[in-house]
Amino acid sequence: RDATSVNLNTQAHTGTIPTDTFLRWFTNSTHTGTALSGTAVTQAGAGIYYAFYYDSENNCYSPVSLAVTVTINTCEVCNAGTAPVPLSGTILTNQ
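Conventions adopted
Residues numbered from 1 in each chain as written. Predicted model: local features only at pLDDT ≥ 70, side-chain atom pairs only at ≥ 80, totals over all residues. Heavy atoms only, no water. Helix = DSSP H or I, 4+ residues; strand = E, 2+ residues; numbered from the N terminus. Buried < 20%, exposed > 50% of the residue type's maximum accessible area, 1.4 Å probe, protein only. Contact = heavy atoms within 4.5 Å. Areas by Shrake-Rupley, 256 points an atom, 1.4 Å probe, with all protein chains shown as cover. Core = buried A, V, L, I, M, F, W, Y, C linked by side-chain atoms within 4.5 Å. Phe/Tyr/Trp six-rings, centres within 6.5 Å; stacked < 30°, edge-to-face > 60°.

1. As for the overall build of the chain
Phase 1: The helix and strand inventory of the chain stands at two helices and four strands.
Phase 2: For the chain, the residues scored as buried account for 17% of the 95 residues in total.
Phase 3: For the chain, the proportion of contacts with a sequence separation of at least 24, taken over those separated by at least 6, is 52%.
Phase 4: As displayed, the chain has an accessible area near 7,500 Å², and 52% of this comes from carbon and sulfur atoms.

Here is the structure:
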């Protein structure tokens, strides 16, 4: 089965989240707008994402991460066709 998404938290982030901070993902490098959440993070599709650590007590973000580019490649189409191999119901024996 082809993968159609990635989990940014487990497949892209490889660091250790600093104490008292949260990992936040955005689709821009300035953490403007709303941070991604839920399946937008755990089942992210193709696109460019940026990670930040967020300190909610002090309301501040870390410097931006490098861009994370998610590319979803589809597998080649199988040339064997989609129909099952036709077989007769006759059992052949060699006598």
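There's more to say after this.
2. Digging into the environment of Val-41
Phase 1: Mapped onto the elements of the fold, Val-41 is located in helix H2 (residues 39-42).
Phase 2: In the structure, Val-41 is positioned 32 residues away from Asn-9 in sequence and 6.9 Å away in space, judged by C-alpha atoms.

3. What to know about the nonpolar core
Phase 1: Counting eight residues, the largest nonpolar core is built from Leu-8, Leu-23, Trp-25, Val-41, Ala-44, Tyr-49, Ala-51 and Val-70.
Phase 2: For this core, the elements supplying multiple residues, two or more each, are strand S1 (22-26) and strand S2 (47-55).
Phase 3: With residues near it in sequence (within four places) discarded, Val-70 still touches Val-6, Leu-8, Ala-44, Gly-45, Ala-46, Gly-47 and Tyr-49.

4. Section: the packing of aromatic side chains
Phase 1: In total, this model carries four aromatic pairs according to the counting rule given.
Phase 2: Taking the centre distance of 5.7 Å and the plane angle of 85° together, the rings of Phe-26 and Phe-52 count as edge-to-face. Separated by 26 residues along the polypeptide, Phe-26 in strand S1 and Phe-52 in strand S2 bring together distant segments of the chain.
Phase 3: For Phe-52, a relative accessible area of 2% gives the class buried.
Phase 4: The interplanar angle of 75° and the centroid separation of 5.9 Å between the aromatic rings of Phe-26 and Tyr-61 together place this pair among those described as edge-to-face. Taken as a pair, Phe-26 in strand S1 and Tyr-61 in strand S3 (residues 60-61) lie far apart in primary sequence, 35 residues in all.
Phase 5: Phe-26 sits in the buried class, given a relative accessible area of 1%.
Phase 6: We classify Tyr-61 as partly exposed; its relative accessible area is 29%.

5. Brief notes about the side chain of His-13
Phase 1: Note on placement: His-13 falls in the loop between helix H1 (8-12) and S1.
Phase 2: If we ignore the near neighbours within four places in the chain, the residues touching His-13 are Leu-8, Leu-23, Trp-25 and Tyr-53.

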